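So the chains spell out like this:
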Amino acid sequence: SEYTFHCWCGAHGNGHELVGGQKTIRCDLCGNWSHVACQGGGRASNLHLKAEFYCDGCSTQHSKAVAPSRNRQATRKKKIAPLETRLIAGKGALARLGKYWYPVQLIQSHWQVIWWHSCKFPSSIGSPPSDVAQGDLMDELWQDRTKRHKIRLGEWVHSWDTPHEEDLIQNFMSAPVSKELDVILRPHIASLQRLLDSPNLNQDEAERYPVLDFIICSKKKPDGVGAYSIPFCEDISSRKYAKIAHWFSDNIPGAPSQVQKWLGGMPLVHAFTLVVAHRKAGKFKKCAQAQNEEWHDSELLRMAWADLMISYPTDSFVADVDLECLTALEARMFEDSKEAGAA
(Lines give C-alpha, C1' and ligand atoms only; values in the text may rest on other atoms or scores of the structure.)
Protein backbone atom coordinates (compact mmCIF):
# COMPACT_ATOMS: atom_id res chain seq x y z
CA SER A 1 0.00 0.00 0.00
CA GLU A 2 1.06 3.61 -0.55
CA TYR A 3 2.46 5.69 2.27
CA THR A 4 3.01 9.44 2.53
CA PHE A 5 6.55 10.57 1.79
CA HIS A 6 7.29 14.27 2.29
CA CYS A 7 10.99 14.99 2.65
CA TRP A 8 12.84 18.22 3.40
CA CYS A 9 14.53 17.88 -0.02
CA GLY A 10 11.22 18.27 -1.86
CA ALA A 11 10.43 14.61 -2.66
CA HIS A 12 6.68 14.29 -2.08
CA GLY A 13 4.22 11.51 -2.88
CA ASN A 14 4.15 7.72 -2.74
CA GLY A 15 7.11 6.52 -0.69
CA HIS A 16 7.49 3.30 -2.70
CA GLU A 17 8.38 5.40 -5.75
CA LEU A 18 10.50 8.08 -4.06
CA VAL A 19 12.85 6.44 -1.56
CA GLY A 20 15.36 5.55 -4.26
CA GLY A 21 16.92 2.77 -2.21
CA GLN A 22 17.83 5.19 0.59
CA LYS A 23 17.14 4.67 4.28
CA THR A 24 14.06 6.50 5.51
CA ILE A 25 12.68 7.64 8.85
CA ARG A 26 9.22 8.63 10.13
CA CYS A 27 8.61 11.83 12.10
CA ASP A 28 6.87 11.21 15.43
CA LEU A 29 5.13 14.58 15.19
CA CYS A 30 3.81 15.03 11.63
CA GLY A 31 3.92 11.35 10.65
CA ASN A 32 5.66 11.96 7.33
CA TRP A 33 8.52 9.83 6.08
CA SER A 34 11.75 11.37 4.76
CA HIS A 35 15.28 10.43 3.73
CA VAL A 36 17.64 9.88 6.65
CA ALA A 37 20.41 11.61 4.67
CA CYS A 38 18.31 14.77 4.20
CA GLN A 39 18.08 15.49 7.93
CA GLY A 40 20.73 18.06 8.79
CA GLY A 41 24.05 17.16 10.35
CA GLY A 42 23.45 13.42 10.20
CA ARG A 43 21.21 13.67 13.26
CA ALA A 44 18.78 11.00 11.97
CA SER A 45 21.54 8.40 11.64
CA ASN A 46 22.22 5.70 14.22
CA LEU A 47 19.24 6.58 16.39
CA HIS A 48 18.11 4.09 19.03
CA LEU A 49 15.07 2.13 17.88
CA LYS A 50 12.89 3.67 20.60
CA ALA A 51 14.27 7.21 20.27
CA GLU A 52 11.80 9.93 19.30
CA PHE A 53 12.50 11.71 16.04
CA TYR A 54 11.19 15.07 14.79
CA CYS A 55 11.94 15.93 11.15
CA ASP A 56 13.65 19.18 10.19
CA GLY A 57 10.29 20.67 9.28
CA CYS A 58 8.84 20.04 12.76
CA SER A 59 11.86 20.47 14.97
CA THR A 60 12.32 23.93 16.44
CA GLN A 61 15.52 22.99 18.20
CA HIS A 62 17.50 21.83 15.18
CA SER A 63 19.73 24.37 13.45
CA LYS A 64 20.09 23.60 9.72
CA ALA A 65 23.49 25.24 9.45
CA VAL A 66 25.01 23.11 12.15
CA ALA A 67 27.72 25.05 13.90
CA PRO A 68 30.38 23.36 16.01
CA SER A 69 29.64 23.42 19.71
CA ARG A 70 31.92 25.71 21.67
CA ASN A 71 32.84 25.36 25.28
CA ARG A 72 34.99 28.36 26.08
CA GLN A 73 35.74 26.96 29.53
CA ALA A 74 37.37 23.83 28.17
CA THR A 75 41.11 23.67 28.70
CA ARG A 76 41.77 20.19 27.31
CA LYS A 77 41.07 18.71 23.92
CA LYS A 78 38.37 16.10 23.83
CA LYS A 79 39.34 12.69 22.54
CA ILE A 80 38.56 12.44 18.83
CA ALA A 81 36.39 9.47 17.83
CA PRO A 82 37.65 7.17 15.03
CA LEU A 83 36.86 8.35 11.50
CA GLU A 84 34.62 5.36 10.73
CA THR A 85 32.26 6.40 13.53
CA ARG A 86 32.26 10.06 12.46
CA LEU A 87 31.11 9.26 8.93
CA ILE A 88 27.31 9.05 9.10
CA ALA A 89 24.49 9.53 6.59
CA GLY A 90 23.44 13.14 6.25
CA LYS A 91 26.81 14.69 7.07
CA GLY A 92 29.16 16.43 4.69
CA ALA A 93 32.55 14.92 4.00
CA LEU A 94 35.49 15.11 1.62
CA ALA A 95 35.98 12.42 -1.04
CA ARG A 96 39.13 11.74 -3.01
CA LEU A 97 38.97 11.85 -6.79
CA GLY A 98 42.39 11.41 -8.33
CA LYS A 99 44.81 13.30 -6.11
CA TYR A 100 42.35 15.93 -4.90
CA TRP A 101 39.52 15.97 -2.33
CA TYR A 102 36.07 17.40 -2.99
CA PRO A 103 32.91 17.88 -0.84
CA VAL A 104 30.17 15.24 -0.86
CA GLN A 105 27.01 14.47 1.08
CA LEU A 106 27.05 11.03 2.68
CA ILE A 107 23.88 9.12 1.75
CA GLN A 108 24.40 5.66 3.23
CA SER A 109 27.18 3.16 3.84
CA HIS A 110 29.23 1.71 2.25
CA TRP A 111 29.43 4.63 0.92
CA GLN A 112 26.92 6.10 -1.49
CA VAL A 113 27.53 9.82 -1.91
CA ILE A 114 26.24 12.88 -3.74
CA TRP A 115 29.03 15.15 -4.98
CA TRP A 116 28.57 18.89 -4.54
CA HIS A 117 27.14 20.04 -7.87
CA SER A 118 29.59 22.92 -8.18
CA CYS A 119 32.79 20.90 -7.90
CA LYS A 120 35.29 21.85 -10.61
CA PHE A 121 36.80 18.51 -11.57
CA PRO A 122 39.75 18.31 -13.99
CA SER A 123 38.47 17.55 -17.50
CA SER A 124 40.60 14.40 -17.62
CA ILE A 125 38.70 12.75 -14.75
CA GLY A 126 35.21 12.43 -16.19
CA SER A 127 32.07 11.76 -14.13
CA PRO A 128 32.69 10.97 -10.43
CA PRO A 129 31.43 7.64 -9.04
CA SER A 130 28.33 7.52 -6.84
CA ASP A 131 29.97 4.88 -4.61
CA VAL A 132 33.18 5.74 -2.77
CA ALA A 133 35.39 3.45 -0.69
CA GLN A 134 35.73 4.44 2.96
CA GLY A 135 39.48 4.82 2.44
CA ASP A 136 38.73 7.68 0.03
CA LEU A 137 36.58 9.60 2.52
CA MET A 138 37.55 12.16 5.14
CA ASP A 139 35.56 14.50 7.35
CA GLU A 140 36.52 18.07 8.32
CA LEU A 141 39.46 16.74 10.39
CA TRP A 142 38.52 18.69 13.48
CA GLN A 143 41.62 19.25 15.66
CA ASP A 144 43.79 17.12 13.36
CA ARG A 145 46.44 19.43 11.89
CA THR A 146 48.68 16.62 10.69
CA LYS A 147 46.07 14.97 8.47
CA ARG A 148 44.82 18.35 7.25
CA HIS A 149 48.26 19.05 5.85
CA LYS A 150 48.38 15.70 4.07
CA ILE A 151 45.33 16.22 1.84
CA ARG A 152 45.05 18.47 -1.22
CA LEU A 153 41.71 20.18 -1.72
CA GLY A 154 40.26 20.39 -5.22
CA GLU A 155 38.41 23.42 -6.52
CA TRP A 156 34.71 24.06 -5.95
CA VAL A 157 32.25 26.93 -5.54
CA HIS A 158 32.01 27.57 -1.80
CA SER A 159 28.72 27.79 0.06
CA TRP A 160 29.10 31.54 0.62
CA ASP A 161 29.54 32.11 -3.15
CA THR A 162 26.58 29.93 -4.17
CA PRO A 163 23.65 31.95 -5.56
CA HIS A 164 20.24 31.79 -3.87
CA GLU A 165 17.23 30.23 -5.60
CA GLU A 166 15.82 33.51 -6.91
CA ASP A 167 19.23 34.46 -8.34
CA LEU A 168 19.39 31.25 -10.38
CA ILE A 169 16.31 32.13 -12.45
CA GLN A 170 17.23 35.79 -12.84
CA ASN A 171 20.71 34.81 -14.10
CA PHE A 172 19.59 31.75 -16.09
CA MET A 173 22.23 32.22 -18.79
CA SER A 174 24.91 31.15 -16.31
CA ALA A 175 23.21 27.76 -15.70
CA PRO A 176 24.95 24.87 -17.50
CA VAL A 177 22.89 23.03 -20.14
CA SER A 178 23.29 19.25 -20.19
CA LYS A 179 23.48 17.07 -23.29
CA GLU A 180 20.43 15.14 -21.99
CA LEU A 181 18.35 18.33 -21.97
CA ASP A 182 19.37 19.15 -25.52
CA VAL A 183 18.44 15.63 -26.69
CA ILE A 184 14.98 15.98 -25.09
CA LEU A 185 14.11 19.43 -26.45
CA ARG A 186 15.88 19.72 -29.81
CA PRO A 187 13.24 17.73 -31.76
CA HIS A 188 10.61 20.25 -30.56
CA ILE A 189 12.28 23.52 -31.61
CA ALA A 190 9.65 24.25 -34.28
CA SER A 191 6.68 23.73 -31.94
CA LEU A 192 8.26 25.81 -29.18
CA GLN A 193 8.97 28.63 -31.63
CA ARG A 194 5.37 28.50 -32.81
CA LEU A 195 4.15 29.00 -29.25
CA LEU A 196 6.50 31.96 -28.90
CA ASP A 197 5.70 33.68 -32.22
CA SER A 198 2.01 33.03 -32.98
CA PRO A 199 0.15 30.73 -30.59
CA ASN A 200 -3.18 29.62 -32.03
CA LEU A 201 -5.50 29.61 -29.05
CA ASN A 202 -8.12 27.14 -30.22
CA GLN A 203 -9.24 23.78 -28.93
CA ASP A 204 -7.91 21.94 -32.00
CA GLU A 205 -4.35 22.49 -30.78
CA ALA A 206 -5.03 21.48 -27.18
CA GLU A 207 -3.95 17.85 -27.66
CA ARG A 208 -0.55 18.92 -28.97
CA TYR A 209 -0.11 21.65 -26.36
CA PRO A 210 -1.74 20.91 -22.98
CA VAL A 211 -0.73 24.40 -21.83
CA LEU A 212 -3.10 25.83 -24.46
CA ASP A 213 -5.98 23.77 -23.07
CA PHE A 214 -5.19 25.20 -19.63
CA ILE A 215 -5.26 28.77 -20.94
CA ILE A 216 -8.52 28.25 -22.85
CA CYS A 217 -10.31 26.50 -19.97
CA SER A 218 -9.12 28.98 -17.34
CA LYS A 219 -9.92 31.94 -19.61
CA LYS A 220 -6.58 33.55 -18.83
CA LYS A 221 -5.86 36.94 -20.36
CA PRO A 222 -2.47 37.97 -21.80
CA ASP A 223 -0.43 40.63 -20.05
CA GLY A 224 0.93 43.81 -21.62
CA VAL A 225 3.54 42.00 -23.74
CA GLY A 226 1.14 39.29 -24.92
CA ALA A 227 2.41 36.65 -22.51
CA TYR A 228 0.44 34.22 -20.37
CA SER A 229 1.78 33.66 -16.88
CA ILE A 230 1.46 29.97 -15.97
CA PRO A 231 1.66 28.60 -12.41
CA PHE A 232 3.38 25.25 -11.98
CA CYS A 233 4.90 23.05 -9.27
CA GLU A 234 6.11 19.45 -9.75
CA ASP A 235 9.82 18.96 -9.28
CA ILE A 236 11.04 21.72 -11.62
CA SER A 237 13.47 23.28 -9.17
CA SER A 238 14.97 26.73 -9.70
CA ARG A 239 18.13 25.06 -10.94
CA LYS A 240 16.23 22.98 -13.54
CA TYR A 241 14.17 26.04 -14.47
CA ALA A 242 17.35 28.04 -15.17
CA LYS A 243 18.90 25.26 -17.28
CA ILE A 244 15.78 24.89 -19.45
CA ALA A 245 15.50 28.68 -19.81
CA HIS A 246 19.16 28.85 -20.91
CA TRP A 247 18.55 26.14 -23.54
CA PHE A 248 15.41 27.97 -24.73
CA SER A 249 17.27 31.27 -25.13
CA ASP A 250 20.12 29.61 -27.04
CA ASN A 251 18.03 27.49 -29.41
CA ILE A 252 14.69 29.18 -30.13
CA PRO A 253 15.03 31.90 -32.82
CA GLY A 254 14.06 35.29 -31.46
CA ALA A 255 13.99 34.16 -27.83
CA PRO A 256 16.81 36.41 -26.52
CA SER A 257 14.91 39.56 -27.52
CA GLN A 258 11.57 38.35 -26.10
CA VAL A 259 12.54 37.05 -22.65
CA GLN A 260 9.65 38.82 -20.95
CA LYS A 261 7.25 36.95 -23.24
CA TRP A 262 8.38 33.37 -22.51
CA LEU A 263 10.15 33.36 -19.12
CA GLY A 264 7.47 31.96 -16.80
CA GLY A 265 5.04 31.89 -19.72
CA MET A 266 3.43 29.48 -22.13
CA PRO A 267 6.39 28.51 -24.41
CA LEU A 268 8.76 27.74 -21.53
CA VAL A 269 6.12 25.85 -19.56
CA HIS A 270 5.52 23.64 -22.61
CA ALA A 271 9.27 22.91 -22.53
CA PHE A 272 8.84 21.86 -18.88
CA THR A 273 6.02 19.54 -20.00
CA LEU A 274 8.25 17.92 -22.62
CA VAL A 275 11.03 17.36 -20.07
CA VAL A 276 8.64 15.77 -17.56
CA ALA A 277 7.10 13.60 -20.32
CA HIS A 278 10.52 12.29 -21.30
CA ARG A 279 11.77 11.59 -17.80
CA LYS A 280 8.58 9.94 -16.51
CA ALA A 281 7.34 8.22 -19.67
CA GLY A 282 7.75 4.73 -18.17
CA LYS A 283 5.78 5.60 -15.06
CA PHE A 284 2.97 7.25 -17.05
CA LYS A 285 2.70 4.30 -19.46
CA LYS A 286 2.28 1.86 -16.56
CA CYS A 287 -0.46 4.04 -15.08
CA ALA A 288 -2.30 4.19 -18.41
CA GLN A 289 -2.06 0.42 -18.91
CA ALA A 290 -3.33 -0.22 -15.37
CA GLN A 291 -6.38 1.90 -16.15
CA ASN A 292 -6.84 0.31 -19.62
CA GLU A 293 -6.37 3.67 -21.29
CA GLU A 294 -5.21 4.03 -24.89
CA TRP A 295 -1.53 5.01 -25.04
CA HIS A 296 -0.30 7.63 -27.51
CA ASP A 297 1.84 10.78 -27.56
CA SER A 298 -1.01 13.13 -26.66
CA GLU A 299 -1.83 10.98 -23.62
CA LEU A 300 1.81 11.16 -22.54
CA LEU A 301 1.75 14.96 -22.75
CA ARG A 302 -1.57 15.12 -20.92
CA MET A 303 -0.21 13.05 -18.04
CA ALA A 304 3.01 15.07 -17.97
CA TRP A 305 0.98 18.28 -17.75
CA ALA A 306 -1.16 16.88 -14.93
CA ASP A 307 2.02 15.90 -13.10
CA LEU A 308 3.50 19.35 -13.67
CA MET A 309 0.45 21.05 -12.21
CA ILE A 310 0.31 19.04 -8.99
CA SER A 311 -0.60 21.36 -6.13
CA TYR A 312 1.59 20.86 -3.11
CA PRO A 313 0.66 22.23 0.33
CA THR A 314 1.18 25.98 0.41
CA ASP A 315 3.11 25.72 3.68
CA SER A 316 5.55 23.14 2.33
CA PHE A 317 9.17 24.21 2.19
CA VAL A 318 11.86 22.68 0.03
CA ALA A 319 15.36 23.01 1.39
CA ASP A 320 18.58 22.86 -0.59
CA VAL A 321 19.94 20.00 1.48
CA ASP A 322 23.15 19.84 -0.57
CA LEU A 323 23.90 23.47 0.21
CA GLU A 324 23.01 23.05 3.89
CA CYS A 325 25.35 20.07 4.06
CA LEU A 326 28.23 21.99 2.45
CA THR A 327 27.63 25.02 4.68
CA ALA A 328 27.96 22.90 7.83
CA LEU A 329 31.06 21.12 6.50
CA GLU A 330 32.83 24.34 5.52
CA ALA A 331 31.91 25.98 8.83
CA ARG A 332 34.00 23.34 10.58
CA MET A 333 36.71 23.06 7.91
CA PHE A 334 37.57 26.73 7.83
CA GLU A 335 36.76 27.89 11.35
CA ASP A 336 39.54 29.84 13.00
CA SER A 337 39.33 29.00 16.70
CA LYS A 338 41.12 27.12 19.45
CA GLU A 339 38.39 24.48 19.38
CA ALA A 340 38.98 23.77 15.68
CA GLY A 341 42.70 23.42 16.19
CA ALA A 342 45.57 24.87 14.18
CA ALA A 343 45.09 25.02 10.41
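What counts and what doesn't
Residues numbered from 1 in each chain as written. Predicted model: local features only at pLDDT ≥ 70, side-chain atom pairs only at ≥ 80, totals over all residues. Heavy atoms only, no water. 1 Å grid on protein atoms, 1.4 Å probe; cavity = no way out; pocket = protein on both sides within 12 Å on 5 of 7 lines; lining within 4 Å. Points joined across faces, edges and corners; volume = space filled by probe spheres on them. Helix = DSSP H or I, 4+ residues; strand = E, 2+ residues; numbered from the N terminus. Contact = heavy atoms within 4.5 Å. Pairing = 2+ DSSP bridges.

On to empty space enclosed by the protein. Taken as a whole and judged by the stated rule, the model has one cavity of 30 Å³ or more. Size it by volume and the largest cavity reaches roughly 70 Å³. Looking at the largest cavity, the residues that line it are Gly92, Pro103, Val104, Gln105, Ile114, Trp115, Trp116, Asp322, Cys325, Leu326 and Leu329. For the lining of the largest cavity, the secondary structure elements donating two or more residues are β6 (100-108), β7 (112-115) and α13 (321-333). Considering each element in turn, the lining of the largest cavity owes the most residues, four residues, to α13.

Negative phi values dominate among residues other than glycine, just as trans dominates among peptide bonds. Even without glycine at this site, Leu141 takes up a positive phi of about 55 degrees. Take Leu141: it is sitting in the loop between β9 (137-138) and α3 (145-148).

For the rest of this paragraph, the subject is the environment of Leu329. Mapped onto the secondary structure, Leu329 falls in helix α13. Each C-alpha atom of the pair Leu329 and Leu94 lies 8.9 Å from the other, and the pair is 235 residues apart in sequence. With residues up to four places along the chain from it excluded, the contact list for Leu329 reads Gly92, Ala93, Leu94, Pro103 and Glu140.

The next point concerns the environment of Trp305. On the secondary structure map, Trp305 appears in helix α12 (residues 297-308). Measuring from C-alpha to C-alpha, the distance between Trp305 and Thr273 comes to 5.7 Å, with 32 residues separating the pair along the chain.

With that out of the way, let us pick up the sheet that holds strand β5 (residues 92-97). Reading across the sheet, the four strands line up as β7-β6-β5-β9 and stay open at both edges, with antiparallel pairing between neighbours. Two strands bound the open sheet, and with one partner strand each, they are β7 and β9. Looking at chain direction, β6 and β7 are connected through four bridges and run antiparallel. By the bridge assignment, Gln105 is partnered in β7 with Ile114.

The analysis is restricted to geometry; functional conclusions fall outside its scope.
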